[in-house]
Amino acid sequence: MSLTTTDKRLVEPVKSFASGSDIRNLHKLHGQLTYIEQSKKEHAYSPAVVKLYDLALSYVADAETHARNGGRVARVMGPWMAPLMYAMDIVPIPLNELDRSGSDDTITIAEDHFQLPKETCSMVSSMLGDLYLHRDRPIKDLVVFNGRCEPLNIASDLVAAEGYRVHRIEAVNRPLDNDPERLAVTVRFLADELADLAIRLTGKPVDLARVEFEIARSNRILGKVRRIFDLRKSNPLYIKTLGTMFMVTGSANFFGKPEQYEATLDLLIEELITADYIRSARGKIVQLAWVGGRSPAFGLYKTIDDCGGAVTAWATPNSWSQDWPRARNPLESIALQILGKTGGNGLGSPVHRLKPIERLVNEFGASGIIFYSFLGCFRGVHQEIQRDHFQKLAIPSIGLEGTFHVGPPSGQLLTRIRAFIEMLS
Amino acid sequence: MNKHDVLADGKVSDLRLTNVIGVDIGSRQAKAVLVYGEEIQTAITASGVDSQETAARLIRKLGKQTGIEPRDIAYLVGTGYGRIALDFDAFPSEVVTEISCHAMGAHFLNAGTRTIIDIGGQDSKAIKVDPDNGRVVDFVMNDKCAAGTGRFLEKVAELLDYTLEELGEKAKLSEKKLEISSQCVVFAESEVISLKARGERREDIAAAIHFASARRVRNLVNRVGLEPELVFSGGVSNNPGMRFALEELIGHPIRTTKLDMVYAGALGAAVFAQRYYEGIHAAAEKGVA
Ligand code: SF4
């Protein structure tokens, strides 16, 4: 009755294993592009989601073609530059939008060529390496906001020597006490900086009416993103985690094509209104909030889906959950958006962001929070402060730290996510 | 082993299904638990490169002990570092994280468990457990640094010319408290070398290393908050030197169980296997695919 060593059934993988929708298939997927392809297949029922991915994938390549044909393109820091850039006919690309094929060389270039210490945050190392590798490409302008992160400022100084034109917006932070007078001074200073930036980039002042138009467009688009999140409450798996992550990412710079991005959102709204409910293969859906940076290791998002989770609330630097603020002058609106009603989009004290996160968690019925930060980033400390707060509110959370370098997520990160969802299910 | 001799009081009737298997593929060792009638069978082997082959080896071992064949297996749950790759044609299977499995296994072996220290080959964890049902309430994992893991102890054993099994035993013979100040494996290694060069006894160095490791684990326990009863699971759990260092540093006794706690994860996986099996059958009865 004992087993024979030739019983192949024990060692051969199941042949019918093809869908890619199971956690055990994860190790077969490599790199961001494979995950996107796989997710497109999974969303074959939704032309809108497929279009969203296509927009994301063609973003940088199309912008480079635009630049080669004489158009203006700039790499920008922070998710707040779209209205100003589009008002100047400049296509904005976030500085951290890196090559999705994820060259292994980026980190070694940062360490060897730029002599960055090993402990440097991986976002800085990856970006430096990526910019170096792309130094012969046509996009040369970098718009850097000095108040965002010191390591990034240093990185931008270093790439200036590689032929990039670095345009700085001087640092300013929202006053901690929200004193209206001090805030007004801060806003005026920042608005002046933005006006100067426009002149440095184009040689002339920006047309304020166009900035106004672009802010109105941004608000319209954010309204549509919110509508999608609302509709998704009753059908969380219609757009899976990676897809929603791309939707949120796109809401900052519209993948360089505002009209197409907006039309895709319209289509998505139409689809969601009539879509059949998508059941989880695992039965119950565990609704989660994702707070912090977005991981370039797409396997994490797939793991969430495969384990029966769904990220229904994203609290990332793009503040899609509220409109751009109104001000007398549209540049002051941008300044206020940068500084944020609640202490800024990632600027200033992390305590400012507790209430907005709380609102998102409640509004979107998240039963747990994933806090994500990058290895070596000072924001990891923010995460701990925020986790303590939610622990006191009895909302379970988990802190994840990953590298910014594009690659597979570590086994331990996957274990943490999976165990967290098991704990909540 | 008879279930009654191993499981916590009141837990025997909760593990009623026969022929369910839990397989825990760790980074160093792979363990399996088969619930077979009133018996609990265990098997252990070194983890190979191929997790599927390692699992097959364990199942063959269990087959030899009990006579069961693949077609007799009702359900298998894989856990541990190598669980991802597990998949079988001959019987249904699932994967569950080692965190949930260790919690469930510890609960079945000691029902009052609220805190678990789990030290494996490549990471260490502190897990908070609900004593009512064995579910995870909170957990924290250290995988950033090898200090406080089996891998670290292995390295040190090598440096001190001990086997891994000897290392813990010898640490208990220590007579002198030595300080290993570094929490980093690389630096701790060089400290071990200089302590040896200074002529310190190997037993004392071994004890110092266990204390240095236990300090890191204590930090994890503090993070989740220690609540008794405390148990120690994972591949390092039968190392007496580590157990002693943890009890000293945490200031709390570790409960002893009747089954070697290296099997806690596999036992928990077997409990989940029973639940999955029952879930399938309940769904089939209701006509849900
Ligand atoms: S991850 Fe943190 S430290 Fe690194 S560049 Fe981004 S903000 Fe700066």
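Source: prediction; values computed, not measured. (Residues numbered from 1 in each chain as written. Chains lettered and ligands numbered in written order. Predicted model: local features only at pLDDT ≥ 70, side-chain atom pairs only at ≥ 80, totals over all residues. Heavy atoms only, no water.)

Things to note about the overall build of chain B
Basically, it comes down to this: Helix and strand assignments come from DSSP, with helices taken as H or I runs of at least 4 residues and strands as E runs of at least 2, each series counted from the N terminus. For the exposure calls, accessible area comes from a 1.4 Å probe over protein chains only, and a residue counts as buried if that area is under 20% of its type's maximum, exposed if over 50%, partly exposed in between. It only takes one pair of heavy atoms within 4.5 Å for two residues to be counted as in contact. In these tables, accessible area is a Shrake-Rupley quantity obtained with a 1.4 Å probe, and a residue counts as shielded only by the protein chains included in the view. This count recognises Lys and Arg as positive and Asp and Glu as negative, with His and chain-terminal groups excluded. In this description, the location of a charge corresponds to atom NZ of lysine, CZ of arginine, CG of aspartate or CD of glutamate.
When helices and strands are counted, chain B shows 9 helices and 9 strands. Here chain B holds 289 residues, and 58% of them are scored as buried. Across chain B, every contact between residues at least 6 apart in sequence was considered, and the portion connecting residues at least 24 apart equals 66%. Here chain B displays about 11400 Å² of accessible surface, and carbon together with sulfur accounts for 49% of that area. For chain B, the distance from the average site of its 35 positive side-chain charges to the average site of its 40 negative ones is 3 Å.

Observations regarding the domain arrangement of chain B
Residues and elements named next belong to chain B. This is how the line gets drawn: Domain delimitation follows an automatic or database domain assignment. Two parts placed together each lose some accessible area; with a 1.4 Å probe, that loss summed over both constitutes the buried area. For this document, the term salt bridge refers to a Lys or Arg side-chain nitrogen within 4 Å of an Asp or Glu carboxyl oxygen. Polar contacts here mean pairs of N or O atoms no more than 3.5 Å apart (in protein, one a potential hydrogen donor and the other a potential acceptor; neighbouring residues in sequence count only if both atoms are side-chain atoms).
In terms of domains, chain B is made up of domain 1 (3–101 + 262–288) and domain 2 (113–256). When domain 1 packs against domain 2, close to 980 Å² is buried across both sides, 56% of that on carbon and sulfur atoms. In terms of surface lost to domain 2, no three residues of domain 1 exceed R28, I99 and V262, which account for 58% of the buried area on that side. For the salt bridge of K125 with E98, the shortest nitrogen-to-oxygen distance reads 3.9 Å. On inspection of domain 1 and its partner domain 2, the count reaches 1 residue pair in polar contact (both at pLDDT 80 or more).

Some remarks on the sheet that holds strand β6 (residues 309–315) of chain A
Residue and element names in this part refer to chain A. Rules: A pair of strands is considered paired only if DSSP assigns at least 2 bridges between the two. Comment: axis = line fitted to C-alpha atoms, over the contacting stretch for helices; angle = value between 0 and 180 degrees taken between N-to-C directions.
Spatially, the 4 strands line up as an open sheet ordered β6-β5-β7-β8, and their pairing is parallel. Of all the strands in the sheet, the pair left with one neighbour each is β6 and β8 (397–402). For this sheet, the mean angle separating the axes of adjacent strands, direction not counted, is 30°. Along the sheet face, helix α11 (residues 299–306) touches β5 (286–292), β6 and β7 (368–374) and points at about 130° away from the line of β6. Contacts between helix α14 (residues 379–392) and the sheet are confined to β5, β7 and β8, with β7 contributing the most and set at about 165° to the helix.

Describing unusual backbone geometry
Between P228 of chain B and E229 of chain B the backbone carries a cis peptide bond, its omega angle lying at 10°. Within the secondary structure layout, E229 of chain B lies in the loop between α7 (202–224) and β9 (230–233). The backbone phi angle of A394 of chain A is positive, close to 60°, even though this residue is not glycine. In this fold, A394 of chain A is placed in the loop between α14 and β8. With relative accessibility at 65%, the residue A394 of chain A sits in the exposed group.

Quick word on the pattern of salt bridges
Residue and element names in this part refer to chain A. Under the defined criterion, the tally for this structure stands at 41 salt bridges over all chains. In this structure, K355 and E358 form a salt bridge, with 3.4 Å as the shortest nitrogen-oxygen distance. In this pair, K355 and E358 are both assigned in helix α13 (residues 354–363), 3 residues apart and thus about one turn of the helix distant. The class for K355 is exposed, based on a relative accessible area of 51%.

Side note on the packing of helix α4 (residues 105–112) of chain A against helix α5 (residues 122–133) of chain A
Residue and element names in this part refer to chain A. We apply this condition: Should an angle lie under 35 degrees it is considered roughly parallel, over 145 roughly antiparallel, and from 65 to 115 roughly perpendicular; all remaining angles are considered oblique. The classification used treats Ala, Val, Leu, Ile, Met, Phe, Trp, Tyr, Cys and Pro as nonpolar, Asp, Glu, Lys and Arg as charged, and all other residues, Gly among them, as polar.
Packing of α4 against α5 leaves a shortest axis separation of 7 Å and a crossing angle of 95°. By the angle class used here, α4 and α5 are roughly perpendicular. On α5, the residues that touch D105, T106, I107, I109 and A110 of α4 are S122, S125, S126, L128, G129, D130, Y132 and L133. Grouping the constituent residues of the contact of α4 with α5 by class yields 6 nonpolar, 5 polar and 2 charged.

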